[in-house]
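Structural overview for review
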Amino acid sequence: MTATTTLSVNGQAVSASVEPRTHLADFLRESLNLTATHIGCEHGVCGACTLFVEGRPVRSCLTFAVSCGGADVRTIEGLQDDPVMARLRAAFTAHHALQCGYCTPGMLATAYDIVTRLPGADEARIREELAGNLCRCTGYAGIVEAIRDVLAQGPHAHEFAQLARTAPSGAKAPALAAVAAPESSLPQQSASADEEIVGGVTLSRSVTVQASQERLWSIISDPMTVAKCFPGAKVDSVSPEGLVAGSFTVTIGAVSARFAGRGKVAFDGVAKSGMVSGMGDDGASRSRAQGKVAFSTAAEGADASLLVVDITYKIIGPLAQFARARLIAEIVDRLLKLFANNVQLLAEGKDVSIETGGFGLSMLLGAMVAALRRALFRE
Ligand code: FES
Ligand code: FES
């Protein structure tokens, strides 16, 4: 199965048919012959594949090409005439900041981000920012010196980031504008339960709750109660037609996103099943999440029941680099475990907010960081 994606690469509109599993680095190298983006670990560890999506550095080996629809992608080739990159190239040469050159495209991308975002960065901060880029040759001293040299020539304008805020000719302007817009102006979109999630990933999970099917259904058929059981979820309103407004906050290490948006919920009281679908934007990270959750219940004797959940999701924008299936699966597993614990407490007549101190957001975040580490180093 392939999906057609349209994006801007180095200012040029590109439309191509790609498999959902194709990551951006492979797409650029294999389909567009843009081989300056190097691939080292393909696990998000070495930083060799670092490039810019919407003006921000991302790991292109962790970013699905289909998730970049409407986005501005900038590779080292696209910065050939950029004055800041010209200063960095000269400084890398002057300070012997490369040897074999394998890490260099990723190093230059990160260095560009440092000198344009952190004009006052000292050596310690530069080394901290470079922690995600590995070099086997230079010992880093020349790279750090080159960046300090360019910083001393500053301040430096991030010119193509400005370009990224206007739609390039031929690109999907509405999507790009929506991704790049500040939070207050992001469009409020309502998704229908029937809306197709093109290029989405589906997970199926089930969890047993020690409560009758009737009791479980009485809990999960109330959107407000469901939100109370999910750390990070907040429901602001539910209309009689099932339209829901709210937000979902996810934090992975230093990355935190609050997806605010609208959705739709539909219940089948006879089958004791339902569907939630929606779409939300995180203005800070300029990312968008689209998801659909189908859930059903089944009795497992008089006092136990099974909750079956099918989740289809898609993340667009810079946060898509964290959307690898294994990592999301680990996060979903942990969320479901927390959710089941909370539902269990409610089924026992206890108060979630009081009884779940140990299952609060901080514990979830720690689990997410652990999941991220495992996903990065085990795959
Ligand atoms: S190839 Fe992407 S981080 Fe190593
Ligand atoms: S110059 Fe060889 S890996 Fe960095």
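These remarks concern the structure in this document. In this text the structure is predicted, and so the values were computed from the model without any measurement.

**Topic: the overall build of the protein chain**
Looking only at helices and strands, the protein chain has 12 helices and 12 strands in total. Going through the 379 residues of the protein chain one by one, you find that 41% of them count as buried. Once local pairs closer than 6 in sequence are excluded, the contacts in the protein chain between residues at least 24 apart make up 65%.

**Focus: the packing of helix 3 (residues 104–117) against helix 5 (residues 141–152)**
The description of two helices packed together rests on the angle between their axes and the distance between the axes. Helix 5 packs onto helix 3 with a crossing angle of 35° between their chain directions and a minimal axis gap of 10 Å. For the pair helix 3 and helix 5, the sense of crossing is right-handed. Note on element contacts: helix 5 touches helix 3 through Ile143, Ile147, Val150 and Leu151, opposite Met107, Ala111, Ile114 and Val115.

**Focus on the packing of helix 2 (residues 83–94) against helix 5**
Running from N to C, helix 2 and helix 5 point in directions that differ by 135°, and their axes come no closer than 8 Å. Relative to helix 5, the element helix 2 lies oblique. The two elements helix 2 and helix 5 cross, and the hand of that crossing is right-handed. Touching Arg87, Leu88, Ala91 and Phe92 of helix 2 are Ala146, Asp149 and Val150, all from helix 5. A per-class count over the contact of helix 2 with helix 5 returns 5 nonpolar, no polar and 2 charged.

**Section: the sheet that holds strand 1 (residues 3–9)**
Picture the strands of a sheet paired through backbone hydrogen bonds; they go either parallel or antiparallel. The strand order across the open sheet formed by 5 strands is 2-1-5-3-4, and the pairing between neighbours is mixed. Each edge of the open sheet is held by one strand with a lone partner, namely strand 2 (12–18) and strand 4 (56–59). Along the sheet, successive strands turn relative to each other by an average axial angle of 40°, direction set aside. Where strand 1 lies against strand 5 (residues 72–74), 2 bridges are found, and the strand directions are parallel. Note on strand 5: the bridge partner recorded for Ser8 is Asp72.

**Section: helix 2**
Under the 1.5 Å per step criterion, the end-to-end length of helix 2 is 17 Å for 12 residues, consistent within 8% with the ideal 16 Å. When we look at burial in helix 2, the residues that qualify are Val84, Met85, Arg87, Leu88, Arg89, Ala91 and Phe92. Buried residues along helix 2 sit against helix 3 and helix 5. Following helix 2 by one or two positions, His96 has its phi on the positive side, about 50°.

**Regarding the environment of Val144**
By secondary structure assignment, the location of Val144 is in helix 5. Setting aside chain neighbours within four positions, we find Val144 in contact with Glu123, Ile126 and Arg127.

**Observations concerning unusual backbone geometry**
With a phi close to 50°, His96 is a non-glycine residue in the positive phi region. By the secondary structure assignment, His96 is in the loop between helix 2 and helix 3. A residue is classified by how many C-beta atoms lie within 10 Å of it, and His96, with 13 of them, is partly exposed.

**Topic: the nonpolar core**
Among the nonpolar cores identified, the biggest contains 46 residues, and Leu88, Leu108, Ala111, Tyr112, Val115, Ala146 and Ile147 are the most heavily contacted of them. Listing elements by their share of this core, those giving two or more residues are strand 1, helix 1 (24–31), strand 3 (50–53), helix 2, helix 3 and helix 5. Sorting elements by how many residues they give to this core places helix 3 first, with 7 residues. Aside from chain neighbours lying at most four places away, what touches Ile147 is Ala111, Ile114, Val115 and Ile126.

**What to know about the environment of Lys234**
Tracing the backbone through its elements, the reader meets Lys234 in strand 7 (residues 233–238). In sequence terms Lys234 and Ser247 are 13 residues apart; their C-alpha atoms lie 5.3 Å from each other. In contact with Lys234, other than residues within four places in its own chain, are Ala227, Gly246 and Ser247.

**Side note on helix 1**
Looking at helix 1, one finds that the buried residues are Leu24, Ala25, Phe27 and Leu28. Along the axis of helix 1, the buried positions cluster into a sector of 165°, meaning they face one direction only. Structurally, helix 1 contributes buried residues whose contacts are with strand 2. Remark: Asn33 follows helix 1 within two positions and exhibits a positive phi of approximately 60°.

Conventions adopted
- Residues numbered from 1 in each chain as written.
- Chains lettered and ligands numbered in written order.
- Predicted model: local features only at pLDDT ≥ 70, side-chain atom pairs only at ≥ 80, totals over all residues.
- Helix = DSSP H or I, 4+ residues; strand = E, 2+ residues; numbered from the N terminus.
- Buried ≥ 20, exposed ≤ 12 C-beta atoms within 10 Å, placed from the backbone.
- Contact = placed C-beta atoms within 7 Å.
- Axes fitted to C-alpha atoms, helices over the stretch in contact; angles between N-to-C directions.
- Left-handed = near helix turned anticlockwise from the far one by under 90°.
- Parallel < 35°, antiparallel > 145°, perpendicular 65-115°, else oblique.
- Nonpolar A, V, L, I, M, F, W, Y, C, P; charged D, E, K, R; others polar.
- Pairing = 2+ DSSP bridges.
- Expected span 1.5 Å × (residues − 1).
- Core = buried A, V, L, I, M, F, W, Y, C linked by C-beta atoms within 7 Å.
- Arc of directions from axis to C-beta.

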